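# Examination of the molecular architecture
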Number of protein chains: 2
Amino acid sequence: MSLAERVLRGDPRAAARLISMAEDGDPAARGEMETLYPHTGRAYIVGVTGPPGSGKSTLVDQLTERWRQEGKKIGIVAVDPSSPFTGGAILADRIRMQRHGTDEGVFIRSMASRGQMGGLARASYDAVQVLDAFGCEMILLETVGVGQDEVDIVRTADTVLVLAVPGLGDSVQVLKAGIMEIADIFVVGKADLEGADQVGRDLAALQEIEGGGRQGWMPPVIKVEGLSGSGVPELLRVIGEHREYMARSVEGEVRKRRRLETHLEQLLAGELMEQALESLRRSGKWEEALARLGRRDCDPYRLAQELAEQILVSPPSP
Amino acid sequence: MSLAERVLRGDPRAAARLISMAEDGDPAARGEMETLYPHTGRAYIVGVTGPPGSGKSTLVDQLTERWRQEGKKIGIVAVDPSSPFTGGAILADRIRMQRHGTDEGVFIRSMASRGQMGGLARASYDAVQVLDAFGCEMILLETVGVGQDEVDIVRTADTVLVLAVPGLGDSVQVLKAGIMEIADIFVVGKADLEGADQVGRDLAALQEIEGGGRQGWMPPVIKVEGLSGSGVPELLRVIGEHREYMARSVEGEVRKRRRLETHLEQLLAGELMEQALESLRRSGKWEEALARLGRRDCDPYRLAQELAEQILVSPPSP
């Protein structure tokens, strides 16, 4: 039985194996992913992001627990590019394993960045696809770090939760460029701490200014206390509202299309580089280019442009 | 006078402007970068990386101060992908400005991640090239965060300093996968703190195990106390030794070649995607592909492969 077939039958080891293969860029993964594709598109993907220490993992655990009580199969994909140094992903996994590790209804996977050129984005996308085909009804896509790559990954989710936290400085600063606009729901974590109300008010005020001309969904601010789980039922209700809203609005259509486009771009970038490098190496042009660079015969900017023009059909007119 | 000419005459505003243009992917930057290229290749690039809190900025400041005393012109490129949330880059700049901001011999630039697909790597490379042409003799390439992207960026430096710090857990853990192998020199920061000696011993022991069969340069472990600067003279001496070693060894040749190859790959990836997307959009194939995806007519893996084959000359045989 193929790995894909085993995934479709709900074999967690097969799912883990296929995600690893895709992460490593194993060429055999593509055929398996193609087999899985008709069985994807059913999972609902909830993105969770926020600065370090904002309680993302706790929130993910809380949501997992509630959804498990409803009998849903859950996938958790935690994107953690900080692994080379801290081993953060492994640690987070261990902590979670204590809670959900023996529960067959929860599949947990950490993604560390491997390779270059959008490798993390593609690997995360593949992991989500595998868990979707594996039968996870809800997939939590958590970005542990804070880089732009991760913002780009999390924004492909159906509903994006952005966590803010009191005590990490000016709350407006915490949510600057690129973050305000990807949030579907703001979650103010650690609601028990002093200042949570202020963060909530700041966010609401900021939205009124920023969202003056905004149409459609206005991201609400929900307060959640991680350890006790207070606020989680309200959050679940609002996630449900957002889901309904996206299902029947133009915004939902636009997001679906943007997601398809982002993923196709990621896959195309990988294919292009793989095929182009293979072709250039086989023809000896890559070696030649490196030799020219080594002699400083040509600048790398012009050289890259020339190589691209040489291997692309009908290059655009200048 | 062109921007490139102004950079070559040492105009810092022109350098800042060109780096921003390159970072934004402004097409006009390419011509300027081509003009600068013959004037690059003279700077010595020292990479500095390590986990958060290991004292990278302090070390960079210390090195800057010593090199300034020797009358050298210094460039600092700080890669900080954490900006979307924390504004860390801006903060670090402000702190540094207090010390070196009025010194015309020091050019400081923070790079936040913009765009996708290796955008940060390419932008950092461009910044280093501009500062090289600008006349900086030493360029400090500091990666503030800890992702794989940044490891890939810092490893292109001539000499790579990896900081370890006591008190951040098991020191072996701190320096796992991918970090040991990129270090030319280990720096144990905060040498005044308890445990620094232990980190030094752990690193030395680990190297003996890992480096059992290793030929050539064995990364030494240097203890530095950030605030007092004790240990910095020894570090400078060892950087000099490594520089001499690389200038006359096969390892140095290999690294130079790998750096050229990495940069050419980054530039090629950008060119390919730019030209390919333009061509696919113009011919209507991109819209068609997205429509097929929307109907779930075809899986994105096969589609990306097909698109790549269609727009690349002489696709490789299967």
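Owing to the predicted nature of the structure, the values given are computational and were not obtained by experimental measurement. (Residues numbered from 1 in each chain as written. Chains lettered and ligands numbered in written order. Predicted model: local features only at pLDDT ≥ 70, side-chain atom pairs only at ≥ 80, totals over all residues.)

## Here we look at the overall build of chain A
Counted only if it meets this: In this description a helix means any DSSP run of H or I spanning at least four residues, a strand means any run of E spanning at least two, and both kinds are numbered starting from the N terminus. Buried, partly exposed and exposed are defined by the number of other C-beta atoms within 10 Å of a residue's own C-beta, namely 20 or more, between the two limits, and 12 or fewer respectively, with C-beta atoms placed from the backbone. Note on contacts: each residue gets a C-beta atom placed from the backbone, and two residues are in contact if those atoms are within 7 Å.
A tally of regular secondary structure across chain A gives 14 helices and seven strands. With 318 residues in all, chain A has 48% of them scored as buried. Taking all contacts inside chain A whose residues are at least 6 apart in sequence as the whole, residues at least 24 apart take part in 74%.

## Some details on the sheet that holds strand 2 (residues 74–79) of chain B
Strands in a sheet are paired, the pairing made by backbone hydrogen bonds, and the direction either parallel or antiparallel. Residue and element names in this part refer to chain B. We apply this condition: In this scheme, strands are said to pair when DSSP sees at least two bridges between them. Think of each axis as a best-fit line through the C-alpha atoms, taken over the contacting stretch in the case of a helix, with angles from 0 to 180 degrees between the N-to-C directions.
Taken together, the seven strands give an open sheet; going across it, the order is 3-2-4-1-5-6-7, and neighbouring strands pair in parallel fashion. Two strands close off the open sheet at either side, each with one partner strand: strand 3 (106–111) and strand 7 (221–223). Averaged over neighbouring strand pairs, the angle between their axes works out to 20° when direction is ignored. The sheet strands contacting helix 4 (residues 56–69) are strand 1 (44–49), strand 2, strand 3, strand 4 (138–143), strand 5 (159–164) and strand 6 (185–188), and the helix crosses strand 4 at an angle near 175°. Of the strands in this sheet, strand 1, strand 2, strand 3 and strand 4 are in contact with helix 7 (residues 119–133), which crosses strand 2 at around 170°.

## Topic: the pairing of strand 5 of chain B
Residue and element names in this part refer to chain B. Counting buried positions along strand 5 gives six out of six residues, so the element sits mostly inside the fold. Here strand 5 shows a buried face lined by Thr159, Leu161 and Leu163 and a second buried face lined by Val160, Val162 and Ala164. Bridging between strand 1 and strand 5 involves four bridges; their strand directions are parallel. Bridge pairing in strand 5 links valine 48 to leucine 161.

## Examining the domain arrangement of chain A
Residue and element names in this part refer to chain A. Under the convention used in this document: The source of the domain bounds is an automatic or database domain assignment. Note on residue classes: Ala, Val, Leu, Ile, Met, Phe, Trp, Tyr, Cys and Pro are nonpolar, Asp, Glu, Lys and Arg are charged, and everything else, Gly too, is polar.
On domain assignment, one finds that chain A holds domain 1 (1–55 + 70–157), domain 2 (159–248) and domain 3 (251–318). Listed per partner, the contact involves six residues of domain 1 and eight residues of domain 3. Its residues placed into classes, the side of domain 1 that touches domain 3 shows three nonpolar, two polar and one charged.

## So, unusual backbone geometry
One non-glycine residue, A:Arg296, lies in the positive phi region at around 55°. Relative to the helices and strands, A:Arg296 resides in the loop between helix 13 (285–294) and helix 14 (300–311).

## Topic: the sheet that holds strand 7 (residues 221–223) of chain A
Residue and element names in this part refer to chain A. Taken in spatial order, the seven strands line up as 3-2-4-1-5-6-7 in an open sheet, and their pairing is parallel. Strands with a single pairing partner mark the edges of an open sheet, and in this sheet they are strand 3 (106–111) and strand 7. When strand polarity is set aside, the average angle formed by the axes of neighbouring strands in this sheet is 20°. Bridging between strand 6 (residues 185–188) and strand 7 involves three bridges; their strand directions are parallel. Pairing of phenylalanine 186 across the sheet is with valine 221, part of strand 7. Here helix 7 (residues 119–133) sits on the sheet and contacts strand 1 (44–49), strand 2 (74–79), strand 3 and strand 4 (138–143); the angle it forms with strand 2, its principal contact strand, is near 170°. Contacting strand 1, strand 5 (159–164), strand 6 and strand 7, helix 11 (residues 232–248) crosses the sheet at an angle of about 170° to strand 6.

## Examining the pairing of strand 4 of chain B
Residue and element names in this part refer to chain B. Burial analysis of strand 4 places six of its six residues in the buried class, the great majority of the element. Burial along strand 4 is two-sided: Met138, Leu140 and Glu142 facing one way and Ile139, Leu141 and Thr143 facing the other are all buried. Strand direction decides the pairing type here: strand 1 and strand 4, joined by five bridges, are parallel. Bridging across to strand 4, tyrosine 44 finds its partner in methionine 138. Two strands pair when backbone bridges link them, and strand 2 and strand 4 are joined in this way by six bridges, in the parallel orientation. Within strand 4, the position partnered with isoleucine 76 by the bridge is leucine 140.

## With respect to the nonpolar core
Operational definition: Take the buried Ala, Val, Leu, Ile, Met, Phe, Trp, Tyr and Cys residues, join any whose C-beta atoms are within 7 Å, and the set you get is a nonpolar core.
Counting residues in hydrophobic clusters, the biggest one holds 162 residues, and the most contacted among them are A:Leu131 and B:Leu131. Once residues lying within four places of it in the same chain are set aside, the contact partners of B:Leu131 are B:Ala15, B:Ala43, B:Gly75, B:Val77, B:Phe107, B:Cys136 and B:Ile139.

## A closer look at helix 7 of chain B
All names here are of chain B. Selection rule: Any helix carries an expected span of 1.5 Å times its number of residues minus one.
Over its 15 residues, helix 7 extends 21 Å from the first C-alpha to the last, a length consistent with the 21 Å expected when each residue adds 1.5 Å. Counting buried positions along helix 7 gives 15 out of 15 residues, so the element sits mostly inside the fold. Just past helix 7, the residue glycine 135 takes up positive phi, approximately 105°.

## Observations regarding the packing of helix 2 (residues 12–23) of chain A against helix 3 (residues 28–36) of chain A
Residue and element names in this part refer to chain A. What counts is decided by this rule: Every angle not falling under 35 degrees, over 145, or within 65 to 115 is termed oblique; those three ranges are roughly parallel, roughly antiparallel and roughly perpendicular. A clockwise turn of the near helix away from the far one marks a right-handed crossing, whereas an anticlockwise turn of less than a right angle marks a left-handed crossing.
In contact at an axis separation of 9 Å, helix 2 and helix 3 are set at 125° when each is read in the N-to-C sense. Relative to helix 3, the element helix 2 is oriented oblique. Considering how the two elements wind past one another, helix 2 and helix 3 form a crossing that is left-handed. Counting all contacts with helix 2, which are made through Leu18, Met21 and Ala22, the residues of helix 3 involved are Ala28, Ala29, Glu32 and Met33. A class-by-class count of the residues in the contact of helix 2 with helix 3 yields six nonpolar, no polar and one charged.

## A few points about the environment of A:Leu280
Residue and element names in this part refer to chain A. Note on placement: leucine 280 falls in helix 12 (residues 250–282). In the structure, leucine 280 is positioned 31 residues away from isoleucine 311 in sequence and 8.0 Å away in space, judged by C-alpha atoms. Excluding its chain neighbours within four sequence positions, the residues that come into contact with leucine 280 are Lys285, Trp286, Leu307 and Ile311.

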